[in-house]
Amino acid sequence: MMRVRLPKDAAAVALGADAVADALTRAAAARGFALELVRTGSRGLVWLEPLLEIETDTGWRAFGPLAPGDVDAVLDGVSPKALGDIEEHPWLKRQTRLIFARCGIVDPTVVPPLTALKRAREMGAAAVLEEVTRSGLRGRGGAGFPAGIKWKGAADASARQKYIVCNADEGDSGTFADRMLMEGDPFLLLEGMAIAGFATGATKGYVYIRSEYPHAIEAMKRAASAFPDFDVEIRVGAGSYVCGEETALLESLEGRRGQVRAKPPLPVHKGLFGQPTVINNVLTFASVPAILEKGAAYYASLGTGRSRGTMPVQLAGDVKHGGLFETAFGLTLGELVNDIGGGTRSGRPIRAVQVGGPLGAYFPPSLFDTPFDYEAFAARDGLLGHGGIVIFNDRVDMAAQARFAFEFCRIESCGKCTPCRIGSARGVEVVDRIVRGQNVGQNLALLRDLCDTLKSGSLCALGGFVPYPVLSALNHFGEDFVR
Amino acid sequence: MVFDADTAGEIVSRYAGVPGGLLPALHEIQETFGHVPRAALTALARGFNVTEAEVYGVASFYHDFRLDGPAGKRVLKLCRAEACQAVGADALAAHVKAKLKLDWGGTTADGEWTLEPVFCLGLCACGPSAMLDGRVHAMLDEDALDALIAR
Ligand SMILES: Cc1cc2nc3c(=O)[nH]c(=O)nc-3n(C[C@H](O)[C@H](O)[C@H](O)COP(=O)(O)O)c2cc1C
Ligand code: FES
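Residues numbered from 1 in each chain as written. Chains lettered and ligands numbered in written order. Predicted model: local features only at pLDDT ≥ 70, side-chain atom pairs only at ≥ 80, totals over all residues. Heavy atoms only, no water.

S.K.: Quick question: what am I supposed to make of the overall build of chain A here?
M.R.: Secondary structure assignment for chain A yields 20 helices and 16 strands. Computed over C-alpha atoms, the radius of gyration of chain A comes to 23 Å, within 12% of the 23 Å expected from 2.2 N^0.38 for 483 residues, which places it in the range of a compact globule. On the principal axes, the C-alpha backbone points of chain A span a range of 75 × 60 × 40 Å. Expressed as a percentage of its 483 residues, the buried residues of chain A come to 62%. The long-range share in chain A, meaning contacts at least 24 apart out of those at least 6 apart in sequence, stands at 71%. Carbon and sulfur atoms form 52% of the exposed surface of chain A, whose accessible area is close to 17100 Å². Computed over 53 positive and 54 negative side-chain charges, the inter-centroid distance for chain A is 4 Å. (Helix = DSSP H or I, 4+ residues; strand = E, 2+ residues; numbered from the N terminus. Rg over C-alpha atoms; globule rule 2.2 N^0.38 Å. Buried < 20%, exposed > 50% of the residue type's maximum accessible area, 1.4 Å probe, protein only. Contact = heavy atoms within 4.5 Å. Areas by Shrake-Rupley, 256 points an atom, 1.4 Å probe, with all protein chains shown as cover. Lys, Arg positive; Asp, Glu negative; His and termini not counted. Charge placed at Lys NZ, Arg CZ, Asp CG, Glu CD.)

S.K.: How should the interface of chain A and chain B be read in this particular structure?
M.R.: The accessible area lost on association of the parts is a frequent measure of interface size. With 59 residues of chain A at the contact, the number on the chain B side is 36 residues. Contact with chain B buries surface across chain A, with Ala 238, Arg 345 and Phe 404 of chain A losing the most and accounting together for 16% of the total. At the junction of chain A with chain B, the criterion picks out one salt bridge. Across the salt bridge formed by Arg 80 of chain B and Glu 407 of chain A, the nearest N and O atoms sit 3.7 Å from each other. For the interface between chain A and chain B, the tally reads 20 residue pairs in polar contact (both at pLDDT 80 or more). If you list the elements that add at least two residues to the side of chain A that touches chain B, you get helix H1 (10-14), helix H10 (214-226), strand S8 (231-236), helix H11 (246-253), strand S12 (310-317), strand S16 (388-393) and helix H16 (398-412) of chain A. Of the residues forming the side of chain A that touches chain B, the biggest block, six residues, is contributed by H16 of chain A. (Buried area = accessible area lost by both parts, 1.4 Å probe. Salt bridge = Lys/Arg side-chain N within 4 Å of Asp/Glu carboxyl O. Polar contact = N/O pair within 3.5 Å; in protein donor to acceptor, adjacent residues only side chain to side chain.)

S.K.: I would appreciate a short explanation of the sheet that holds S12 of chain A in the present structure.
M.R.: Across a sheet, strands are paired by hydrogen bonds formed along the backbone, either parallel or antiparallel in direction. All names here are of chain A. Sheet architecture is open: five strands sit in the order S13-S12-S16-S14-S15, paired in mixed fashion. The open sheet is flanked by strand S13 (323-328) and strand S15 (362-363), the only strands paired with a single partner. Judged from the four bridges that link them, S12 and S16 form a sheet pairing that is parallel. Within the sheet, the bridge partner assigned to Leu 315 lies in S16 and is Ile 389. (Pairing = 2+ DSSP bridges.)

S.K.: How should I be thinking about the packing of helix H6 (residues 125-135) of chain A against helix H9 (residues 186-200) of chain A in this particular structure?
M.R.: Helix packing geometry: the angle between the two helix axes and the distance between the axes. All names here are of chain A. One way to put it is that H6 packs onto H9 with a least axis distance of 8 Å and a crossing angle of 120°. As summarised for this structure, H6 and H9 are arranged oblique, according to the angle between their axes. Crossing hand, H6 versus H9: left-handed. Contacts from Ala 125, Val 128 and Leu 129 of H6 reach H9 at Ile 195, Phe 198 and Ala 199. Broken down by class, the residue content of the contact of H6 with H9 amounts to six nonpolar, no polar and no charged. (Axes fitted to C-alpha atoms, helices over the stretch in contact; angles between N-to-C directions. Parallel < 35°, antiparallel > 145°, perpendicular 65-115°, else oblique. Left-handed = near helix turned anticlockwise from the far one by under 90°. Nonpolar A, V, L, I, M, F, W, Y, C, P; charged D, E, K, R; others polar.)

S.K.: Would you explain the packing of aromatic side chains in this entry?
M.R.: Here the distance between the centres and the angle between the planes together describe a pair of aromatic rings. Here the structure, examined in full by the defined rule, presents 18 aromatic pairs over all chains. Judged by centre distance (6.4 Å) and plane angle (35°), the ring pair of Trp 151 of chain A and Phe 285 of chain A falls under tilted. With a gap of 134 residues between them, Trp 151 of chain A in helix H7 (residues 147-156) and Phe 285 of chain A in helix H12 (residues 282-294) connect regions that are remote in the sequence. Both residues of the pair, Trp 151 of chain A and Phe 285 of chain A, belong to the buried class. Their ring planes at 75° and their centres at 5.7 Å tell us that Phe 372 of chain A and Phe 377 of chain A sit as a pair that is edge-to-face. For Phe 377 of chain A, a relative accessible area of 0% gives the class buried. Among the aromatic residues, those joined into a cluster by ring pairs are Tyr 241, Phe 404 and Phe 408 of chain A together with Phe 119 of chain B. (Phe/Tyr/Trp six-rings, centres within 6.5 Å; stacked < 30°, edge-to-face > 60°.)

S.K.: Even after reading the chapter, I still don't get the pattern of salt bridges, so can you show me in this structure?
M.R.: Close approach of charged atoms lets side chains of opposite charge pair. According to the stated counting rule, one finds 48 salt bridges over all chains in the structure shown. In this structure, Lys 81 of chain A and Asp 70 of chain A form a salt bridge, with 2.9 Å as the shortest nitrogen-oxygen distance. On the criterion of sequence distance, the pair formed by Lys 81 of chain A in the loop between helix H3 (71-76) and strand S5 (82-84) and Asp 70 of chain A in the loop between strand S4 (59-63) and H3 is long-range, its members being eleven residues apart. Put simply, Glu 112 of chain B and Lys 73 of chain B hold a salt bridge, and the shortest N to O gap is 3.2 Å. Of this pair, Glu 112 of chain B sits in the loop between helix H6 (89-100) and strand S2 (113-118) while Lys 73 of chain B is found in the loop between helix H4 (52-61) and strand S1 (74-79), placing the two residues 39 residues apart along the sequence. Given a relative accessible area of 25%, Glu 112 of chain B falls into the partly exposed group. Judged by relative accessible area, which is 65%, Lys 73 of chain B ranks as exposed. One connected set of salt bridges, linked through shared partners, spans Arg 5, Arg 43, Glu 53 and Glu 87 of chain A.

S.K.: Is there a simple way to explain the pairing of S2 of chain B in this structure?
M.R.: Two faces make up the sheet, and in a regular strand the side chains alternate between them. Residues and elements named next belong to chain B. Of all six residues in S2, five are buried; the element is thus mostly enclosed. Sheet topology places S1 next to S2; six bridges connect them, and they run parallel. Counterpart to Leu 76 in the pairing with S2 is Leu 115.

S.K.: Would you explain the site of ligand 1 in this entry?
M.R.: Residues and elements named next belong to chain A. The full set close to ligand 1 counts 20 residues, and Gly 141, Asn 167, Asn 280, Asn 281 and Thr 284 are the nearest of them. Taking Glu 246, its main chain carries an N or O atom lying 2.9 Å from an oxygen atom of ligand 1. Relative to its unbound accessible surface of 610 Å², ligand 1 loses 92% to contact with the protein. The set of elements that each furnish at least two residues to the shell around ligand 1 consists of strand S9 (277-281) and helix H19 (461-465). With three residues, S9 is the largest single contributor of residues to the shell around ligand 1. A per-class count over the shell around ligand 1 returns five nonpolar, nine polar and six charged. (Near = heavy atom within 4 Å.)

S.K.: Got a minute to help me understand the nonpolar core in this structure?
M.R.: General note: in soluble globular proteins, nonpolar side chains tend to be found buried as a group. Residues and elements named next belong to chain A. Among the nonpolar cores identified, the biggest contains 154 residues, and Trp 151, Ile 209 and Phe 406 are the most heavily contacted of them. Take this core: its biggest share by element is nine residues, from H9. Residues within four places of Phe 406 in sequence aside, it is in contact with Gly 423, Ser 424, Gly 427, Val 428, Val 431, Leu 447, Leu 450, Cys 451, Leu 454, Val 466 and Val 470. Counting residues in hydrophobic clusters, the runner-up holds 34 residues, among them Leu 315, Phe 325, Leu 331 and Phe 377. (Core = buried A, V, L, I, M, F, W, Y, C linked by side-chain atoms within 4.5 Å.)

S.K.: Help me out: how do you make sense of the sheet that holds S1 of chain B in this one?
M.R.: All names here are of chain B. Here we have four strands laid out as an open sheet, ordered S2-S1-S3-S4, and mixed in their pairing. In the strand order of this sheet, the two ends are held by S2 and strand S4 (135-137), each with one partner. Going from strand to strand, the sheet's axes swing by 20° on average, the running direction of each strand aside. Across the sheet, H6 is in contact with S1 and S2; its angle to S1 comes to roughly 155°.

S.K.: I'm lost on the side chain of Glu 170 of chain A in this one. Help?
M.R.: Residue and element names in this part refer to chain A. In this fold, Glu 170 is placed in the loop between strand S6 (163-168) and helix H8 (177-184). Notably, Glu 170 is buried but unbridged: the nearest opposite-charge side chain belongs to Arg 179, and the N-O separation is 5.7 Å. Within the structure, the side chain of Glu 170 is placed 3.2 Å from the backbone nitrogen of Ala 177, a separation counted as a polar contact. In terms of polar contacts, Glu 170 uses its side chain to reach the side chain of His 386, at 2.8 Å.

Next comes the structure, spelled out in structure tokens:
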């Protein structure tokens, strides 16, 4: 009997994992040995996918990136793609894996022991709230709001029905941590949601997953129906970016257009169907089991400043070693991009990196000393967002990127507020005029003025943050706008 | 399948009592009929006790729902978002558009191909990425895409 692990993660599948699985099954049949093939999540070393692990007398041995034609050499013990024990790989060894501790190892269809949920019930709701607050955990969806305070607000609200809503809309380009977790360890997320339900008195949960993630939807539906401890419904989005904004998401869950609500009232007071609602990102909920198991003090000992615990950093774009790297806050952007990411896949020099999705700022290499920390990024007119870093080489046209930011905002605007709905369309036009060389000075002033209006006048951070990519492109790469 | 009122009515009645059931109902209507036909809007409006304008407003808000008829036999969704742009998605899109003689959202005259933009498939560490008939593909270049299309 040969035991092997091979990811069923969407990235691994996109890179050919299913064909490798078929080749392996055929080879086992031809060679006449029994094969126990577990389709796991991904370890996150995406450049090595499809990554196969085989159990031996001396531990697990990894091979990758594999094509179906590599399978015979692997079985004959002569594969040049042998990687040894993947846990000893420096890329994994340097990480602090709390959320992704099991991802890539366990079978995501098997319910794990749920020890953190048991522990929560022993501690009692008040102690859980206290522990989450003391851990310093902040929301991982982008805004970085303290999770403990949010949970306390919902716990204190009295209502006949409260809800736990998981934001799995993950619309930011360059991010895929939510997807990987839902595919590789769906029960960790469900456990975190159940703990939130226990702590706040909410008895029903929803996970809102974007429709672009069919593998994650399938994994979560299967897991939710096997999860005995909390009633969770899986809902599927319909291709709208703004539905990742929490109030638009609630509207969408209620079966309406995904239009942003004015705040207050906050969702903790008046959320889904008008009831008190905790809405958190996938990674926020998934951080909680480790906090309860290892203790708030341990969790808070990781990180820097007011950014505590770990963040799964996602390295994307033109990157050599792309994937998911979970680490305590505080590494510099340069360490993440160069040491861990290994620079560009193309071999060309790095010109810019965009951090935090389509509404995040572009950083030039001269700012690579910025530590990965909410406040440090804010101080440099940027944001961490959901932890995605997209690397661009020297061929990037930054005026085109600024134009794209406006165009994306125009396409995705919910239409409720004027600055975002109209301003994004005007933004595209103004950038076009600048690039064409029309009244450049005047139009540059207009562009900055427009960004001011968007920033201060938009109802939500879609219009409110689009100045980040636009102004960072203009301020750091102004030469691309005037030629 | 082609629209039939009984099937639509059955779908609507399953979701009409579900809180916030309109979105899942729209998804199932589209899965079943390949698009959201006008007659389905009427059935949804009746079932959910809202106006047809309201249902149309919801359906037309979301990029996923097809209100102008079904897609081609094969649907290619090409990622247009930043991480894929960084590895050449724009040039790849131009290549595909020229090859299929389509613009975004278009369907070939023979009804064979539909080309749609998608803003991120979560495959950003291994772009450029695409989804063809629901299956994901990564690290694409012109040759790999041509091979997919020819298959
Ligand atoms: C346009 C827009 C898109 C957003 N998309 C997401 C998303 O995809 N996932 C997410 O968790 N939060 C997203 N957010 C942030 C949410 O509004 C909200 O802050 C988050 O769900 C709160 O959970 P957290 O505290 O755990 O981060 C988005 C915000 C805006 C303005
Ligand atoms: S940007 Fe293309 S898959 Fe994420």
